[in-house]
Amino acid sequence: MGTDVDAEEFLPTLKKAAAALRDADIPFILAGGMAAWARGGFGTDHDLDFMVKPADAERALDILVHGGMKPERPPEDWLLKAWDGKVLVDLIHSPSGLDITDDVIERSDVLPVYAIEMRVMRPDDILVTKLMAMTEHTMNYRSCLEIGRALREQIDWDSVRSRTESSAFARAYFTLVEGLGILDVGALS
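Structural notes, computed from the coordinates. (Residues numbered from 1 in each chain as written. Predicted model: local features only at pLDDT ≥ 70, side-chain atom pairs only at ≥ 80, totals over all residues. Heavy atoms only, no water.)

1. Remarks on the environment of Ser-143
On the secondary structure map, Ser-143 appears in helix 6 (residues 142-151). Placed 19 residues apart in sequence, Ser-143 and Asp-124 show a C-alpha to C-alpha distance of 13 Å. (Helix = DSSP H or I, 4+ residues; strand = E, 2+ residues; numbered from the N terminus.)

2. What about helix 3 (residues 57-66)?
What helix 3 keeps buried is the set Ala-57, Ala-60, Leu-61 and Leu-64. Take helix 3 and look down its axis: the buried residues cluster within an arc of 100 degrees, on one side only. Contacts made by the buried residues of helix 3 are with helix 1 (10-23), strand 2 (48-52), strand 3 (70-72), strand 4 (79-84) and strand 5 (87-92). (Buried < 20%, exposed > 50% of the residue type's maximum accessible area, 1.4 Å probe, protein only. Arc of directions from axis to C-beta. Contact = heavy atoms within 4.5 Å.)

3. A closer look at the pairing of strand 5
Where burial is concerned, most of strand 5 is hidden: six out of the six residues are buried. With burial as the criterion, each face of strand 5 is covered, one bearing Val-87, Val-89 and Leu-91 and the other bearing Leu-88, Asp-90 and Ile-92. Relative to strand 5, strand 2 runs parallel, the two sharing four bridges. The residue bridging Phe-50 from the neighbouring strand is Leu-91, located in strand 5. Linking two consecutive strands that pair antiparallel, namely strand 4 and strand 5, is a turn of two residues; a positive phi of about 65 degrees is found at Gly-85 within it. (Pairing = 2+ DSSP bridges.)

4. Concerning the packing of aromatic side chains
Counted according to the given criterion, the structure contains five aromatic pairs. Judged by centre distance (5.4 Å) and plane angle (75 degrees), the ring pair of Phe-28 and Phe-50 falls under edge-to-face. With Phe-28 in strand 1 (residues 28-31) and Phe-50 in strand 2, this residue pair connects regions lying 22 residues apart in the sequence. Judged by centre distance (6.0 Å) and plane angle (80 degrees), the rings of Trp-157 and Phe-174 are edge-to-face. Within this pair, whereas Trp-157 is found in helix 7 (residues 157-164), its partner Phe-174 is found in helix 8 (residues 168-179), the two being separated by 17 residues in sequence. Across the pair, Phe-174 and Trp-157 agree in class, each one buried. Among the aromatic residues, those joined into a cluster by ring pairs are Trp-157, Tyr-173 and Phe-174. (Phe/Tyr/Trp six-rings, centres within 6.5 Å; stacked < 30°, edge-to-face > 60°.)

5. Details of the packing of helix 7 against helix 8
Axis separation between helix 7 and helix 8 bottoms out at 9 Å; the angle between their running directions is 150 degrees. By the angle class used here, helix 7 and helix 8 are roughly antiparallel. Across the interface between the two elements, Trp-157, Val-160, Arg-161 and Thr-164 from helix 7 touch Ala-170, Tyr-173, Phe-174, Val-177 and Glu-178 from helix 8. Looking at side-chain class alone, the contact of helix 7 with helix 8 contains six nonpolar, one polar and two charged residues. (Axes fitted to C-alpha atoms, helices over the stretch in contact; angles between N-to-C directions. Parallel < 35°, antiparallel > 145°, perpendicular 65-115°, else oblique. Nonpolar A, V, L, I, M, F, W, Y, C, P; charged D, E, K, R; others polar.)

6. Let's talk about helix 5 (residues 123-133)
Among the eleven residues in helix 5, eight count as buried, and that is most of the element. Where helix 5 is concerned, the buried positions are Pro-123, Asp-124, Asp-125, Ile-126, Leu-127, Val-128, Thr-129 and Leu-131.

From the geometry alone we can't say anything about function, so treat these as descriptive.
Structural data, given as structure tokens:
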């Protein structure tokens, strides 16, 4: 987890990382809190998340390091990290519940983020990865509830439910969003 930084401090790093990955022809998706923000939800105060294909992860890290960022290799085997001063960039290549493939990248929408066009993760994919990553030690529904409330009209709720049905934490999430009125129970097929 990165250190808390002002949201404006993310802009130079977002531009630098996105341009470096784009110029190196590494397909990526903006994910996490910044993806939710780009779609009208809440932003982030601790890191930038980019999804890349597993085969591109090492090269993506090398590109960011070549651009002046400091690498970090965490013990988790599903991501790599790069520091740009106080701003942390996560290169996530194997998120829970989703294989990052050309199809996943292509189905992400191209949206302007701080006037830079880039692929932005679909809200249902954001929720799937967050819900499937939950364990009894990492159970935090706050961001999932914020995403659900802010982006509810953009979410394919049937897809999220079917893709996460194996997770007790995801089933609990659906109980919460239905009980809080974020999701109308009759809206699901």
